[in-house]
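Structure assessment
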Amino acid sequence: MNEFIRKPRGTKDILPDEQKYWRAIEKAVEKRCLAFDFGKITTPSFESVQLFDRAIGQTTDIVQKEMFEVKRYGTSEEKREEETLVLRPEGTAGVVRVYLEKGMQVWPQPVKLYYIEPMFRYGRPQKGRYREFWQFGFEIIGDKSSQTDIATLMLIWQIFNDLGLNEKDIIIDINSIGCKICRPQINKSLSDYLIKYQKLLCPVCQERLNLNPLRILDCKEKKCQNIIAGAPQIIDYLCESCKSDFKQVLEGLDELAIPYDLNPRLVRGLDYYTKTTFEIRDLQDKTRQSSLGGGGRYDNLIETYGGPSTPAIGFAAGIERIISKIKEKKIKIPEIQKTEIFVIQLGEKAKKIALKLVYDLGNKGFASSCAMGKNSLKSQLRSADKNGAKLALIIGQREALDKSIIIKDLRDSTQESYSMNKLDEMIYKKLRQK
Ligand SMILES: [Zn+2]
Ligand SMILES: [Zn+2]
């Protein structure tokens, strides 16, 4: 085979058998978000590089080395457009751009939006990490109350529960990382401590020490981890208002009996976060190496873009990671229902009747189908099952002759023969009157 007939590194194909997982996640997200009056938003896959520079922060790995640049094919370097475009590495910046560009500040606040989209990061491909990966996420822009933080966590918890992941499998790691007022104090206490170990930190963290010491807490290097273990706790340096808001969030979670783990070292990989910060992780994964999703407040981001000071909170989860968790936990995801009624034919005469029947039932509003190119009863029943059909209509040679039909209810495996002119009545009874 030619070399270009091969998928690029760090990507994946989602084959038909896998789609039920994607559908299940999409359905859970949609159901819960719509109930909470979120609107769905779709933004372009590529944006101006400055959008992410500003939002994510110059000192993060993402901006420094993980973004894909978009170039027009075949253009030479000097002919390129002024603007540098990159494939989006995350969803929040794009949503916030829309909020500002469309003047959503004048909409009733808060504005609640959710998305399900692919993201792109040029990382070393490894298990569960792709260069193109899907996220679902949502943003609540324009509300600062801690009730919104609680509602956000509740919504996330419901979505995961809908997918069969509950307190037996997952937990919310939570922390507060302060606001504009207390952050300088938090940074100072951290750098006062970390400066003593400067030479022992990894090169990246040495650089972070001056620019953003908070991010050092997020370093996964063993030698940094050892130093971090003795660092002062952020929570002790929060201002009064951050402290009381955080207390309310935790009390809200207690009230709802949503399990959480207060993690004083938790910060997020992006610079824009403030105050409540959280991740969803497997109960067994104490090292937080593979969180299923995370988010938090970003009360300063909109101002960073030149907009008015606007509080906001958001969350994003990795769909591939959730799917592998669902598989790992052996959670049963139902097959996608493609067909309600499956018509099975045995013999040439029956075949003709079958196709006409599928057509007529379709016109009456039933999702109906038959197996093309299959002739045995067994293989056709198997197809009916795979398509999630509730009823199988069987036309054998005898039925074709005496204008009758067998209705097999696949839900309880009962079957009975009816005269063809009773068919509609029986189908409505079985499918629509329950
Ligand atoms: Zn504060
Ligand atoms: Zn480090």
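Residue indices begin from 1 for each chain and proceed along its sequence in written order. All chains are assigned letters beginning at A, and all ligands numbers beginning at 1, according to the order in which they are written. Restriction of local features to residues with pLDDT of at least 70 applies here, the model being predicted, together with a cutoff of 80 or more for giving and counting side-chain atom pairs; totals for whole chains, interfaces and linings are based on all residues. Values reported for side chains reflect all heavy atoms of the structure, with hydrogen atoms and water molecules removed beforehand.

1. Quick word on the coordination of the zinc ion (ligand 2)
Expected angles at a metal are 109.5 degrees for tetrahedral coordination by four donors and either 90 or 180 degrees for octahedral coordination by six donors. Each metal's donors are the N, O and S atoms found within 2.8 Å of it, except that Na, K and Ca use a 3.2 Å limit; water is left out, so coordination can look incomplete. In this structure, Cys202 (SG), Cys205 (SG), Cys219 (SG) and Cys224 (SG) serve as the protein donors to the zinc ion (ligand 2), at separations of 2.2 to 2.3 Å. Four donors are marked tetrahedral only if all angles between them lie between 85 and 135 degrees, whereas four are marked square planar and six octahedral if opposite donors are more than 155 degrees apart and the other angles lie between 65 and 115; the remainder are marked irregular. Around the zinc ion (ligand 2), the four donor atoms sit at angles spanning 104 to 118°, and that spread fits a shape best called tetrahedral. Between buried and exposed lies partly exposed: a residue is buried under 20% and exposed over 50% of the maximum accessible area for its type, with that area taken using a 1.4 Å probe on protein chains only. Using a relative accessible area of 0% as the deciding quantity, one classes cysteine 205 as buried.

2. Thoughts on a nonpolar patch on the surface
A cluster of nonpolar side chains, namely Met1, Phe4 and Ile5, defines an oily patch on the protein surface of about 440 Å² accessible area. Checked against the element boundaries, isoleucine 5 lands in the segment before helix 1 (19-35). Assessed through its relative accessible area of 44%, isoleucine 5 is described here as partly exposed. Surface patches are defined over residues having more than 30% relative accessible area and no salt bridge, joining like charges when they lie within 9 Å and nonpolar side chains (Val, Leu, Ile, Met, Phe, Trp, Tyr) when within 5 Å. Reported accessibility uses the Shrake-Rupley method at a 1.4 Å probe radius. Residues are deemed covered only where the shown protein chains occlude them. One side-chain nitrogen of Lys or Arg within 4 Å of one carboxyl oxygen of Asp or Glu is enough to make a salt bridge. Secondary structure elements are taken from DSSP: a helix is a run of H or I of four residues or more, a strand is a run of E of two residues or more, and numbering for both begins at the N terminus.

3. Quick notes on empty space enclosed by the protein
A water-sized probe rolled over the atoms picks out the places where empty space is left. Think of a 1 Å grid over just the protein atoms. A cavity is a set of points where a 1.4 Å probe fits yet cannot get out, a pocket is an open set with protein on both sides within 12 Å along at least five of seven lines, and lining residues have an atom within 4 Å of a point. Grid points are joined across faces, edges and corners, and a volume is the space filled by probe spheres set on the points. This structure, assessed with the given rule, holds one cavity of 30 Å³ or more. Together, Ile177, Arg183, Asn212, Leu214, Arg215, Val267, Arg268, Leu270, Asp271 and Tyr273 line the largest cavity. Under the scheme applied, nonpolar residues are Ala, Val, Leu, Ile, Met, Phe, Trp, Tyr, Cys and Pro; charged residues are Asp, Glu, Lys and Arg; polar residues are all the others, including Gly. Among the residues forming the lining of the largest cavity, the class breakdown is five nonpolar, one polar and four charged.

4. Observations regarding the domain arrangement of the protein
Domain limits in this description derive from either an automatic procedure or a database domain assignment. For the protein, the assigned domains are domain 1 (16-182 + 238-328) and domain 2 (341-432). In this structure, domain 1 and domain 2 have C-alpha centres spaced 47 Å apart.

5. A closer look at the coordination of the zinc ion (ligand 1)
Only Cys179 (SG), Cys182 (SG), Cys239 (SG) and Cys242 (SG) from the protein reach the zinc ion (ligand 1) as donors, at distances of 2.3 Å. Taken together, the four donor atoms surrounding the zinc ion (ligand 1) define angles of 101 to 113° at the centre, an arrangement classified as tetrahedral. Mapping the donors of the zinc ion (ligand 1) onto the primary sequence yields the spacing C-x2-C-x56-C-x2-C. For the pair shown, cysteine 179 and cysteine 182 are each scored as buried.

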